[in-house]
Every structure is written in structure tokens, then in C-alpha cells.
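# Architecture at a glance
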Amino acid sequence: MTQILNFFAETANYTLCSFERAPRICNYSFRCTVMQMCLDVTELKSACVCFQEEPGPGPGGGLCFADGRRRVDYVLVYHCKRRQSQHRHSVVSNGNVPSQSPTPSRRSTKGDILEAVLEAGLAMEPANELQDKIREEFERGLQEEGLEIEHDKEMRTVRFTRLHVPWSILSREAELLKIRVPTKKTYQLKEKTGLMGVISSFWMKINQPFQPGVPEPQDPRIRVLSQPFSRDKLHLFDIKSKNNFFSNATRGRIAYEILRRTACTQTCQTMGISSLLAKGVYDSAFPLHDVSFAFQIHKGSVSCLSVFKRKYFGEKIGLYFAWLGVYTQLLIPASALGVAVFLYGCFTVDTNVPSQEMCDERLNFTMCPLCDRVCDYWQLSSICSTARTSYLFDNHATVGFAIFMSLWAAVFLEHWKRRQRCLQHSWDLTGMEDDEVRKNELRPAYEDFLLKKQEKKAKNKKKEELASESLSWTDRLPGYCINISSILLMVGVTFSAVSGVILYRIIVFAVMSMNPDHEAKANVRVTVTTTAVIINLLVVLVLDEIYGAIAAWITELEIPKTESTFEEHVILKAFLLKSMNAFAPVFYVAFFKGRFAGRPGDYVYVFKDFRMEECSPGGCLIEVCIQLGIIMLGKQLIQNNVFEIAIPKLKKMYRTYKEEKDGSADDEDKDSKREPQRWDLDYDLEPYEGLSPEYMEMVIQYGFVTLFVASFPLAPVFALLNNVIEIRLDAAKFVTEIRRPDAVSAKEIGIWYNILSGISKFAVITNAFVISFTSEFIPRMVYQYLYSETGTMHGYTNHTLAYFNTSNFKPGTAPHDTDFDRQLRICRYKDYRDPPWSLESYQLSKQYWSVLAARLAFVIFFQNLAMFLSMLVAWLIPDVPRSLKEQLKREKALLMDLLLTEEADKQCTQSHILTEYGPKCFAVHTICNSASGTFIS
């Protein structure tokens, strides 16, 4: 049979080559028929060889069947608990059951394995009999769909079912799914010239240090014209090898599509592999990693990663890496300007009049005590270092940088939309909707709940009515109530955590102020702030993990209908809880700390003994910097990087230990001579849990970069450094730490874009309030232009300090022991209030209301200016680049030319075919028909 098929293949290939040499003469439909025959003959030849070969440890690192030819496109894994029977029957000499044939015969089903198990004396547990029947029916359905199946030879606890999608099924499904594939037609893009060319080359040079590694698979200026796959137009496509024509991601997607729609109607009312995984029929299902391709991804760069990831993992993961690359690249100009703002503060700090006045001991500003009884008066010059450090971040350049970051956020979103359009075109996604089939796929939990509801009403309703029934709002009402109450509870937990840290700061500050050491007293504010931020960081990390689990749990209670709805609801809840958890401590310090502390003689107390904390005379901005810097860096270093490396390894070690412990009693489960195959190694990896954790990390970081950038200009720098590491860690994690996920097609990043857009708009408001109410920018401007006699900043410090008569202290609150003059009558404190000798003593002064009006006016001005500039940027930058529009027009013309050429081929005269190629083609038809009949019979 093999020799006959070799002769068939040689004859068909000779005929096909003849047609390729004279494409204008041959008939269109006849050429397609011959090409399909050639592919079919090759398929038959491969199948025949597989019949004759003995299965063994297939080469290729476990990526093929035992015959070493057919690729493993998908793997199903299940556990089989066995008990040792009392009597053994017909055990093979090596202790294994007889090997199963890897051919896709319908007789090679799960029933054969059951028979072999019983022959070997290994009886199944009664609890697994139903699941085994479901697997038998499901795999029989897969074979009816055309998939080829191979089972393990060894009877082990963990068993693998390997699937192969042959060419005939690949081509059929690719045509049904309208997958676009490359044709033989190529064209070259125009090079950018002029100013755009210079900017493009300059930008590539800047990004070069961040892009070492993998070269482009072809000349980036050469584009291949793509077309939806059609079995009637095989000669149009660039089919060099049918085994490699469809990418790994496409083969996995087709395999999953068949697994998704295969039903089990006899043993259980279940549709698809997702329901079987939820019921525990299968333990897991995944495609295999390709080691050579994964190595290229692991060593890849930012730009290459998105291309390789798309071909390897599909468009959804490719879009994540493309978005991460765009975000990281655009952080470069923001980081450069942030460093420039910081350096401006360093170079001009010695010329800053307010900080010089605070450091000048000759001015002799005696400040009121920071706590009751035990705290003494203190000199303003003792916080000179804090005032100078605060100026590094709170200077005139900070305002311009905040406006720049508002524009930067708008440019980033617009640039990503343009980049996304370009990727949709280059990845052949322009004519395709998102994976609607998978998005509309019913969740197993929804199906189970609906089935139970139908069973309750089955006696009173017909089948037609039951089939169209769905869940009502009354079915989901308990879940919604639990959702609302749980979210409110988590909000309360977050506020309680922030309040607990506030109490810690208040109590520790009062305790440390009792220290007789003057140096310790001088640094008490920085010490308390730093330790409190570290506690905040630990609380944020712990609550982040808890909130992620709670968000998934309460979303399950809603009983969402589809996977896309479930994913969106989980993302929204998790983002709400995690962002509130991460930003709440910073919001408190920026906008609430010191606002309700009161004044000397009339302070606000906590537990009747501890005064509410207040900001230093230099403002709370430096504390916001410390808070933001430690939480941001801590989350990135600990949660984003250490957790991503350590936790998967620990989970893998625990799972391996548990499996070894469970299987230690069964020595026959282990085959010391057998080397682990690719599916064994992949099963030991961590299961894929989706892209939501990866996006969540970057979106929270984006919030840190944009929301409070006016108080911490170095945030983009730390984000850039983290992302350079994050890209490599993600690449390593996806190919070495987790199982290969299913390829999912997607045109955009989905709900994450809306979240980013919302953060960008909210960042305008927060930065406006940070500049107006947290920094000293507005009070300095008001003093210089309204109250300064010389029009300079001289006298600003004295202007911002109010007077207090020490005789007005409440009984028991004045300092007991003091190093200052006991006859001291006046101390100063930071506020705008009338002096004690005025008619309205200690009331808010006119200066306070002037500053407040200026602050509110600046908020309105800043918001409108930033919003206007953002809208202007969005209007000026088109969503679709002009070069892409021209490229689309050119491709349309090329495609039209290709179709007209094919139409001309159809008009070829039949006489030329019959005279020149008729005998050869007739011979091929006759031989192939005879071979097909012989083989089938």
C-alpha cells in the first residue's frame, strides 16, 4: 500500500508542477481539484505509514504522536483512581497493558482502554465509571468530528489523551471560521521621508536599548496580501508545507473550537470541554508548548514579543504585550521630563526664599508644641532638611509637568488606538469580529443552574418551553444582594485599615515625642511617616489578594450567562476594590491629613487624649511623596515581580509533592525508564488564569503615574524601570511557568481601555486638587502678587504663620518642662487666622479666604485647560494613520487584480487543457479514485 501511495503522490506532484509552469492555460477549478488531490494523497500516505509503524517514544520532544509524524495539537488530562484486584489476568511482560494503535479508527475508543485495564487486573473505582462513560462518548464525538486521538500506553493515575487535527479538518474549520491566511502576492511599503522619516528613525534609536534580541522574521517593509481561507482557492495561498501552513495558535484555536461544540447527550446533558472540566470529567485541557518557539519569545524584545506572542498564543495575549510595549515606550519622554523637574528643584533649592527663611535661625520662629503636656516648643529651623526636600518636588516646574502628564495620558490613549488599528490590519483582524462564539459561550455554572430550574418545572412544561427558558431577575436577586453587601463590607474594611494606620501614627507620634533625646524628637515625623507607610504597604498587599478572590466569588453568585460577562464583572469589581485599597492611603495624606486638626487651644482629639495629626509647616506634599514612592515601589517589587516568580514555583512544588504522595502507594504508576514527554512537563506547570492579573498590575501602576504625578514627578521613572523588567518576567512566566493558554482572537483590549480612559480623566481632577490644596504653589502666588510689598517671596514664611498666646492653652495641655523662656507669651503655628490681639481672635483671616478662592479658581482653570488640550490632542490625532489608509487602498487594488487574474484563468479554453494536460490529469483522476476505493474497502 505504501508503494502504491508513493506512486500516486509522485504522479500528482508531476501534474501539479506542470500546471504551475503554465498557470494561464489550466482550468481554475481543475487546478484546485488537483492540488486538493495532492494534499489528500499525502494525507493517505501518512496514515498508511502510521498503520505500519509500532508506537514508541515519539521524537521531537513529545510534540508528536508515537509515529513521530502527526503533531499533538491539544492534550486532555484526567485522573483515574484505581484499586488492585485480587487476581491478575494476561499481564504483559513489562508490566504495561498492550499498546493501542494511534490511528484515528472509530474502534480505538475509551472502551478499548477499559478492556485493557480489566485484562491487566486494574479495576476502576465505581465512582469513576460515570465519568469514564462520559469521556468515552466525548472522545467518540471528537473522532466523528475528524480528530485523531492517541492514548497513553501505561496505565497511570494521571492519563493523557492527545489530539491531532489533520489537514482536511484544519482546512474545513479555517474556511468556516473565515481565518485569513497569507497569499503568494506580496508588496513593499514606501519608506518614510522628510520630517516623519527623521522622527521615526530617531524614535527607533531611542527604543533600541530596550529592544535587544529576536530579529524580524522577514523584511518589515514587505507585506503579504492575506485572504480568508478557502478550499476552492488553494493555489492562491502560499502553502509550502501543510504541516506548517497554519500557525500553532490557529491549530490550537481550531482544536478548541471542536472541543467546545462536541456534546455528550447520552451520558449527560453537557456541551463542550468547559462543562466537562467544571464537572471534573477532565482535570485540564491545554495545547503544548513548542520549545523552540518559546525560546524565541523568552529572549525577545518589546516589539518582537507582541509579534511572536500573537503567532504562539493568539491575538488576545499578543495585544497585551503590544499595549505594554506602547505604554513602556511612551514612559520614556515622561520619565525624562520628570527627571528634569527633579533636577530643576535640586539646582534652584538654594535660591528658594521660603526654604531659606525656614532654615534661617536668626528669624527665631518659635513654634507651638506638637502634642500636649510632654512636647516642648520648637524652632522652625529644625525642619530645614524637610523644607528643602519638599521643594525638590514642589516647585514651579511641577505645575507644568502636571499639565504635560494630562496631555501625555491623552496622547497615550490616542496613540494606542492608532497602534491597535495597525495591529488589526497586520494581524488580519480587520474583517473579523472578536471571538463571538467564545464570548457567547454559556458558562457551566449557568447551565447547571438552568438545568436544575428546568428539572423543577419539567412536570408542567413542554420541552419547547424549557429550551427557551432563561434565568430571571428573581433567580439572580440573592446574588446581587450579596454582591452589594460584600462590596460595602470591603469598602468598610479598607477604610478601617486606613483608620487603623492613622491611629498608629497618632499614638506612636505622641509616644515618641516623650523621648528626651532632642535628635529623636527632631526626626519623629519622618520616622512615624515611614513606618506607617510600610504598614500600609503590607496591608495593601494582603488585601489585594483577598479582594481578588472575593471579586471572583461574588461574581459567581450573580450567575453570569457568558464568559465575557463574567470576566467583565470580575474586572470591574476587582479594579474597584484594589484601586481603592492602593490609593486610599495616598488620598488621605494628600487631601485630608491636617485639615481637621484644629488649632492651639482648640485641637480635635481622638479617644479624648490624642490630637489629630497635622502637616508640617512645609506642607504635606513631602509625606505624599514618601507614601506614593514606598507603596508604588513596594507593590512593583514585591507583588508584581517577586510574587510572579515565587508563587508559581511554590504552587508547582506543592502540587508535585501532593501527586507523589497520593501515588506513592502504587508502584505501577511510575515508569523509571520512561523519559518525561512534553505533555508531562506542561502538566506540571501552573494552570493559566487569564490576563486580568497582568492588566490589573499595569493599570494600578498607570493610576500611580497619572493620579498623583504632581506630587511625585519621579513616578514615570520607576514605572519605566519596572516595566523593562516586567516584560521579561511576563515572557519567561508565559513560556516556562504556566501551561500554554488557548489561542483567543481579539481586536482590542476590551474594558481595560475604558478603565484607562476613566483614570486619565480622573487624574486631571486629582492633580488639580494636589497643586491647589496640597502643595504651596497657590499660597506662594497669592502672597507674591497680593500681599508682598516688594513683589518677591521675602516674608512669605512669616505671612503663613499665625500667632497664639500661650496663656490661652487649655488647662493641662501646656508644656510641663521647657527649655525655652517660661515667660514666653507667643508661639506660631501654620494657618491663616487673626492674631490674639485682634477683635476676632483666632478666626479665619481674610488671607485664608483669598487663598481658598484662588485655589478653587485654579482647580476650575486647570481642569478646563487640561480637558481642552486633551480633546484637542484627540481631535488632531486621527484614529487611523494616513499610511494605513493608503496601504488599505493599495491592498484593495492588489486583491482586485488578483481576483481579475483568476477570473481570466477561468476563461481559458478547455481545448488547451484536453490537448496538453488531459491524459496526465485523467491518469491522476483514475489512479486516485482507484486508490481511494481500495483504501476504503
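By convention here, each chain's residues receive numbers from 1 onward along its written sequence. In view of the model being predicted, local features appear only for residues whose pLDDT reaches at least 70, and side-chain atom pairs are presented and counted only at 80 or more, with totals across whole chains, interfaces and linings using the full set of residues. Note that water and hydrogens are dropped before the side-chain values are worked out from all heavy atoms of the structure.

Looking up the protein chain in an unreviewed UniProt entry gives the name Anoctamin, with the organism given as Cyprinus carpio. Under Sequence similarities (unreviewed entry), UniProt gives the following word-for-word description of the protein chain: "Belongs to the anoctamin family." UniProt positions are given in the numbering used here, feature names are shortened, and annotations may be inferred rather than shown by experiment.

## What about the nonpolar core?
Only buried residues count toward a nonpolar core, which is a set of Ala, Val, Leu, Ile, Met, Phe, Trp, Tyr and Cys residues joined through side-chain atoms within 4.5 Å. Think of it in three bands: residues with accessible area under 20% of the maximum for their type are buried, residues over 50% are exposed, and the middle band is partly exposed, with areas taken using a 1.4 Å probe on protein chains only. In this structure, Trp323, Tyr327, Trp408, Phe412, Trp416, Phe708 and Ile749 are the most contacted members of the largest nonpolar core, which totals 104 residues. Per element, the largest residue contribution to this core is 14 residues, and it comes from helix H12 (residues 315-348). When neighbours within four sequence positions are excluded, Trp416 is seen to be in contact with Leu319, Ala322, Trp323, Val326, Leu423, Ile749 and Tyr753. If you look at the next biggest cluster of nonpolar residues, it comprises 34 residues, including Leu147, Leu234, Phe246 and Ala285. Only runs of H or I of at least four residues qualify as helices and only runs of E of at least two qualify as strands under DSSP, and these elements are numbered from the N terminus. Contact definition: two residues touch when any of their heavy atoms are within 4.5 Å.

## Topic: helix H19 (residues 473-513)
Given a helix with a known number of residues, its expected span is that number minus one, times 1.5 Å. The end-to-end C-alpha separation of H19 is 59 Å, in line with the 60 Å expected for 41 residues at 1.5 Å each. The principal kink in H19, of about 25°, is found at Gly479. Note on bend: at a given residue it equals the angle between the axes fitted to the 7 residues ending there and to the 7 starting there.

## What about the pattern of salt bridges?
The salt bridge definition used is simple: a Lys or Arg side-chain nitrogen within 4 Å of an Asp or Glu carboxyl oxygen. For the structure on display, the rule yields 31 salt bridges. Where Glu623 meets Lys593, a salt bridge forms, and the shortest distance between an N and an O atom there is 2.1 Å. Placement of the pair is Glu623 in helix H23 (residues 621-663) and Lys593 in the loop between helix H22 (563-592) and strand E13 (598-599), with a sequence separation of 30 residues. Across this residue pair, the class does not change: Glu623 and Lys593 are buried. Residues participating in the shared-partner salt-bridge network are Glu145, Arg172, Glu173, Glu257, Arg260 and Arg261.

## Focus on the packing of H12 against helix H26 (residues 715-736)
Geometry is summarised by axes, namely lines fitted to C-alpha atoms with helices restricted to the contacting stretch, and by angles between N-to-C directions that run from 0 to 180 degrees. For the pair H12 and H26, the least separation of the axes is 7 Å and the interaxial angle reads 160°. Put simply, H12 runs roughly antiparallel to H26. Crossing of H12 against H26: the hand is left-handed. Along the contact surface, H12 presents Ile317, Tyr320, Phe321, Leu324, Tyr327, Thr328, Leu331, Ile332, Ala334, Ser335 and Val339, while H26 presents Pro716, Val717, Ala719, Leu720, Asn723, Ile727, Asp730, Ala731 and Phe734. Nonpolar residues are Ala, Val, Leu, Ile, Met, Phe, Trp, Tyr, Cys and Pro. Charged residues are Asp, Glu, Lys and Arg, and all others, Gly as well, are polar. Partitioned by chemical class, the residues of the contact of H12 with H26 number 16 nonpolar, 3 polar and 1 charged. Small angles under 35 degrees read as roughly parallel and large ones over 145 as roughly antiparallel, with 65 to 115 read as roughly perpendicular and the rest as oblique. Handedness of each helix crossing follows the sense of rotation of the near helix against the far helix: counterclockwise by less than a right angle gives left-handed, clockwise gives right-handed.

## Brief notes about the packing of aromatic side chains
In this description, an aromatic ring pair is defined by two values, namely the gap between the centres and the angle between the planes. Aromatic rings from Phe, Tyr and Trp, taking only the six-membered ring of Trp, are treated as a pair when their centres fall within 6.5 Å; an angle between ring planes under 30 degrees marks them as stacked, one over 60 as edge-to-face, and anything in between as tilted. In this structure the tally under the stated criterion is 43 aromatic pairs. Arranged with centres 6.1 Å apart and planes meeting at 80°, the rings of Tyr78 and Tyr282 form a pair that is edge-to-face. With Tyr78 in strand E1 (residues 74-79) and Tyr282 in the loop between helix H9 (272-279) and strand E10 (284-286), this pair connects stretches of sequence that are 204 residues apart. Grouping residues by exposure puts Tyr78 and Tyr282 together as buried. Consider the rings of Phe321 and Phe734, whose centres lie 5.8 Å apart with planes at 75°: the pair is edge-to-face. Within this pair, whereas Phe321 is found in helix H12, its partner Phe734 is found in helix H26, the two being separated by 413 residues in sequence. Under the relative-accessibility criterion, Phe734 is labelled buried at 1%.

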